[in-house]
Amino acid sequence: MGLASAIVAVALMPIAAIAQSSDAGYCSALAAKYEQYLDMSSKGGQQPQSLDARVAVEKCKAGDTSGISGIEKALKAARIDLPPRS
């Protein structure tokens, strides 16, 4: 890696950290909204949960932002507005 590449990599690190932080916050907000409106297991409801959505929620709770798309899909299918993404 050349000096120029190293400088660019170091300069971009804060941007990547901000994006990851933003994604983590969005992921947490999605998980909270899913649990508030669709997680009927905690409320004794009869509506079955999607296993994919449940796994996505658990990923977000663990800090793994790869769960975002699964929760978005479940919320959209239930016609629930997504939280704002900052």
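Residues numbered from 1 in each chain as written. Predicted model: local features only at pLDDT ≥ 70, side-chain atom pairs only at ≥ 80, totals over all residues. Heavy atoms only, no water.

1. Re the side chain of Arg-54
Within the secondary structure layout, Arg-54 lies in helix H2 (residues 51-61). Judged by its relative accessible area of 19%, Arg-54 falls in the buried class. Side chain to side chain, Arg-54 and Glu-58 meet in a polar contact 2.6 Å long. Apart from the residues lying within four places of it in its own chain, the contact partners of Arg-54 are Tyr-34, Glu-35, Asp-39, Gln-49 and Lys-61. (Helix = DSSP H or I, 4+ residues; strand = E, 2+ residues; numbered from the N terminus. Buried < 20%, exposed > 50% of the residue type's maximum accessible area, 1.4 Å probe, protein only. Polar contact = N/O pair within 3.5 Å; in protein donor to acceptor, adjacent residues only side chain to side chain. Contact = heavy atoms within 4.5 Å.)

2. Quick look at the environment of Ser-28
Within the secondary structure, Ser-28 sits in helix H1 (residues 3-37). Overall, the relative accessible area of 41% leaves Ser-28 in the partly exposed class. Considering only alpha carbons, one finds Ser-28 and Thr-65, 37 residues apart in sequence, at a separation of 8.8 Å.

3. Details of helix H3 (residues 68-77)
Within H3, the full set of buried residues consists of Ile-68, Ile-71, Glu-72, Ala-74 and Leu-75. Relative to the axis of H3, the buried residues are bounded by an arc of 165° and lie together on one face. Facing away from the buried side of H3 by more than 90 degrees, the exposed set consists of Ser-69, Lys-73, Lys-76 and Ala-77. Immediately downstream of H3, the backbone of Arg-79 shows phi near 60°, a positive value. (Arc of directions from axis to C-beta.)

4. Let's talk about the state of the cysteines
Inspection of every chain in the model, using the stated rule, returns 1 disulfide. The partner cysteine of Cys-27 in its disulfide is Cys-60, sulfur to sulfur 1.6 Å. Between Cys-27 and Cys-60, the S-S torsion sits near -75°, and that sign places the bridge as left-handed. Taken together, the residues span a long stretch of sequence, with Cys-27 in helix H1 and Cys-60 in helix H2 at a distance of 33 residues. Residue Cys-27 shares its accessibility class with Cys-60, and that shared class is buried. (Disulfide = S-S within 2.5 Å.)

5. Section: H2
Residues separated by three or four positions in an α-helix point in the same direction, a consequence of the helix having 3.6 residues per turn. For H2, the set of buried residues is Ala-53, Arg-54, Ala-56, Val-57 and Cys-60. Down the axis, H2 shows its buried residues gathered within 160° of arc, on one side only. Counted as exposed and oriented over 90 degrees from the buried face of H2: Leu-51 and Asp-52. One side-chain oxygen of the residue at the start of H2 lies 3.2 Å from the amide nitrogen of Asp-52, identifying that residue as Ser-50. Immediately beyond the C-terminal end of H2, within one or two residues, lies Gly-63, with a positive phi of roughly 90°.

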